[in-house]
Amino acid sequence: MVITLSLRIKRNYVLIVLARAALMFVNGFLIWYLPLVIKEKFGAGLLGLTFSIASMLSTTVGFLGGVLSDNIGRKPVIVLDSILTFFGIVLFVLGYTINSVLLLLSALALYGFARIGDAVIETVIYESVDEAFLGRALSIMFTIGAIAASAGSITLGYIVKQTVVLASMLLIISSLLYILISILLKETIVKKEKIDLAHKLKDTLRNLINGLKSIRGGILLPLIITIFMSLEVGSTLYLYPAFMKDIKRITENLIGIIYGVIPLLQTFIYPFAGVVVDKIGAKRTVTLTLFLQATAVTCFVLLEEPVYAGLALVTASGIGAIYNIAYRTLLIQRAPKDAKATGIAFINTVWDIIEILAPSIGALLWLLSPYLPFYFAITLLLSLGLITLAIK
């Protein structure tokens, strides 16, 4: 099995960026609207349970996607990911239309099964560019994705209040576009001989295990970061919309605008973030952004004025954009070279395992006090910042 770097891979890079744009147009809206609808219809407890189950599902399929792509190719896994995304969108549209439990199933499909291609997409990016420019390559992808997410959040957030039919059509069209682009991809792994899948699977897992044996000097730091951040993100991500609406008294239209401004801001930050990561290093950038995020989230929670709280959240998300580039760069660089996609998928799987309980933890803390999930998140950010200072 030989990975070749040619013009067709550059073509794949463009297609991957476009595919992510189509996906982010959908996610930019659903990331805040789907949890809000589920909480209003079924309560915070079931919201937490639903996303815990989704994380449990993604634990299996995410790692499976990485292993399969290292053995049968990148394209089949990415195409499967696009089909599962389409399936989740259809369930959401049907569930919203008839006001049924299909809404819960759509969350499981979109945030559970439709994670099989995450590690594969990042591996294709890695195979497409020189490692010295990896940070900038990722920043370009995230920049275009952020523009699409902003457009999706603002546009669909407004349209869904006017006409559900048009909003549903845009969601379905975007997911179909994701499928089409995935089909146009060219395989980046050239197979010189017939693959014995069982044998190759053993080789891939062996390479991963060998890479993990050197965990102290390699993947240990990304692993610790992943554990802490999966707890931080998983326990609060789906509660931000409810906190803004119930505690800060922010309207749904304004929430949609905030979630539209966030990726728009990230659009301007990502190119800068890629340069910063490549110049000063991924680890230093991660450490700095963790402390800054903790400060911004604290302001979001404590500021009583809705406008100022919204600005604090936008600021935290902007800092998170720089963190995201730094973290993904650090992970890709330190994943075992002989099993890159499997190594990334392994870290993603650890994230998903921790995140199985995280939404339920957040929901439980919310029931005690809506402020507690966010105090928990701030503590995790500060603690992790100190840990990254201590580990090379």
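Chains are numbered independently. Their residues run from 1 in the order of the written sequence. With pLDDT at 70 or above as the cut-off, local features in this predicted model cover only qualifying residues; side-chain atom pairs require 80 or more to be listed or tallied, and sums for whole chains, interfaces and linings still use all residues. The side-chain figures draw on all heavy atoms in the structure; neither hydrogens nor water molecules are used.

### Concerning unusual backbone geometry
- The backbone of arginine 249 sits at a positive phi, close to 60°, despite the residue not being glycine.
- Secondary structure elements are defined from DSSP: runs of H or I of at least 4 residues count as helices, runs of E of at least 2 residues count as strands, and each element is numbered from the N terminus. Mapped onto the elements, arginine 249 comes out in the loop between helix H10 (240-246) and helix H11 (252-280).

### Looking at the nonpolar core
- With 114 residues, the main nonpolar core has Phe29, Leu30, Leu34, Phe92, Ile225 and Phe300 as its most contacted residues.
- Here this core takes 19 residues from helix H1 (residues 7-42), the largest share from any one element.
- With near-sequence residues (within four places) excluded, leucine 34 lies in contact with Phe92, Leu103, Ser106, Ala107, Leu110 and Tyr111. Here, nonpolar core refers to any group of buried Ala, Val, Leu, Ile, Met, Phe, Trp, Tyr and Cys residues whose side-chain atoms link them within 4.5 Å. Relative accessibility under 20% of the residue-type maximum defines a buried residue, over 50% an exposed one, and the middle range a partly exposed one, all with a 1.4 Å probe and only protein chains included. Contact definition: two residues touch when any of their heavy atoms are within 4.5 Å.

### Looking at the packing of helix H3 (residues 74-98) against helix H5 (residues 118-128)
- Structural elements are reduced to axes, namely lines fitted to C-alpha atoms, with helices fitted over the stretch in contact, and the angle between N-to-C directions of any two is expressed from 0 to 180 degrees. Where H3 contacts H5, the two axes come as close as 10 Å, and the packing angle between them is 140°. In terms of their interaxial angle, H3 and H5 are classed as oblique. In the crossing of H3 with H5, the sense of the turn from one axis to the other is left-handed. Where H3 abuts H5, its residues Arg74, Val77 and Ile78 lie against Val120, Ile121, Thr123, Val124 and Glu127.
- Polar here means any residue outside two lists: the nonpolar Ala, Val, Leu, Ile, Met, Phe, Trp, Tyr, Cys and Pro, and the charged Asp, Glu, Lys and Arg; Gly therefore counts as polar. Looking at the contact of H3 with H5 residue by residue, the class counts come to 5 nonpolar, 1 polar and 2 charged. Roughly parallel means an angle under 35 degrees; roughly antiparallel means over 145; roughly perpendicular covers 65 to 115; every other angle is labelled oblique. For any helix crossing, the convention is left-handed if the near helix is rotated counterclockwise from the far helix by under a right angle, and right-handed if that rotation is clockwise.

### So, the packing of H3 against helix H4 (residues 102-111)
- One way to put it is that H3 packs onto H4 with a least axis distance of 7 Å and a crossing angle of 165°. As summarised for this structure, H3 and H4 are arranged roughly antiparallel, according to the angle between their axes. For the element pair H3 and H4, the recorded crossing hand is left-handed. Contacts from Thr85, Phe87, Gly88, Ile89, Leu91, Phe92, Leu94, Gly95, Tyr96 and Ile98 in H3 reach Leu102, Leu103, Leu105, Ser106, Ala109 and Leu110 in H4.
- Of the residues in the contact of H3 with H4, the class split is 12 nonpolar, 4 polar and no charged.

### Topic: the packing of aromatic side chains
- Aromatic pairs are defined between Phe, Tyr and Trp rings, using the six-membered ring for Trp, whenever the two ring centres lie within 6.5 Å; interplanar angles under 30 degrees are classed as stacked, those over 60 as edge-to-face, and all others as tilted. Tallied over the entire structure, the rule returns 16 aromatic pairs.
- Taking the centre distance of 6.2 Å and the plane angle of 25° together, the rings of tryptophan 32 and tyrosine 259 count as stacked. One end of the pair, tryptophan 32, is in helix H1; the other, tyrosine 259, is in helix H11, with 227 residues separating them in the sequence. The residues tryptophan 32 and tyrosine 259 share a single accessibility class, namely buried.
- Between the aromatic rings of tyrosine 240 and phenylalanine 374, the centroid separation amounts to 4.9 Å while the plane-to-plane angle is 65°, which identifies the pairing as edge-to-face. Of this pair, tyrosine 240 sits in helix H10 while phenylalanine 374 sits in helix H15 (residues 372-390), placing them 134 residues apart in sequence.

### What about the confidence of the model for the protein?
- Every residue gets a pLDDT, meaning the predictor's confidence in that residue, from 0 to 100. The predicted model of the protein averages 81 in pLDDT, with 88% of residues at 70 or higher.
- Confidence over residues 1-9 falls short of pLDDT 50; this stretch has 21 contacts with residues more than four positions distant or in other chains.

### With respect to the side chain of glutamate 232
- Residue position: glutamate 232 is located in helix H9 (residues 220-236).
- Lacking a salt bridge, the buried glutamate 232 has arginine 328 as its closest oppositely charged neighbour, with an N-O distance of 13 Å.
- What glutamate 232 contacts, discounting residues up to four positions off in sequence, is Ala377, Leu380 and Leu381. Only four residue types enter the tally: Lys and Arg on the positive side, Asp and Glu on the negative side, with His and both chain ends excluded. Salt bridges are counted wherever a side-chain nitrogen of Lys or Arg sits within 4 Å of a carboxyl oxygen of Asp or Glu.

### Some remarks on the pattern of salt bridges
- Scanning all chains against the criterion turns up 4 salt bridges.
- Between aspartate 246 and lysine 39 there is a salt bridge, with its nearest N and O atoms 3.1 Å apart. Taken together, the positions of aspartate 246 in helix H10 and lysine 39 in helix H1 put the pair 207 residues apart, joining distant regions of the chain.
- The partner of glutamate 252 in a salt bridge is lysine 245, and the shortest N-O contact between them spans 2.8 Å.
- Lysine 245 gets classed as partly exposed once you look at its relative accessible area, which sits at 25%.
- Each of Glu40, Lys161, Lys245 and Glu252 takes part in one network of salt bridges that share partners.

### With respect to H15
- If you check H15, its first and last C-alpha atoms are 28 Å apart, about what 19 residues at 1.5 Å a residue would give, namely 27 Å.
- Where H15 is concerned, the buried positions are Pro373, Phe374, Ala377, Ile378, Leu380, Leu381, Leu384, Gly385 and Thr388. Take H15 and look down its axis: the buried residues cluster within an arc of 160°, on one side only. Structural note: H15 exposes Leu386, Leu389 and Ala390 on the side pointing more than 90 degrees away from its buried face. How far a helix is expected to stretch is found by multiplying one less than its residue total by 1.5 Å. The arc in question is formed by the directions pointing from the helix axis toward the C-beta atoms.

### Regarding the environment of arginine 115
- Residue placement: arginine 115 occurs in the loop between H4 and H5.
- The spatial distance from the C-alpha of arginine 115 to the C-alpha of leucine 57 is 8.9 Å, given a sequence separation of 58 residues.

### Describing helix H7 (residues 164-184)
- In this model H7 runs 31 Å from its N-terminal to its C-terminal C-alpha over 21 residues, within 8% of the 30 Å that 1.5 Å per residue would give.
- Within the sequence span of H7, burial applies to Ala167, Ser168, Leu171, Ser174, Ser175, Tyr178, Ile179, Ile181 and Ser182.

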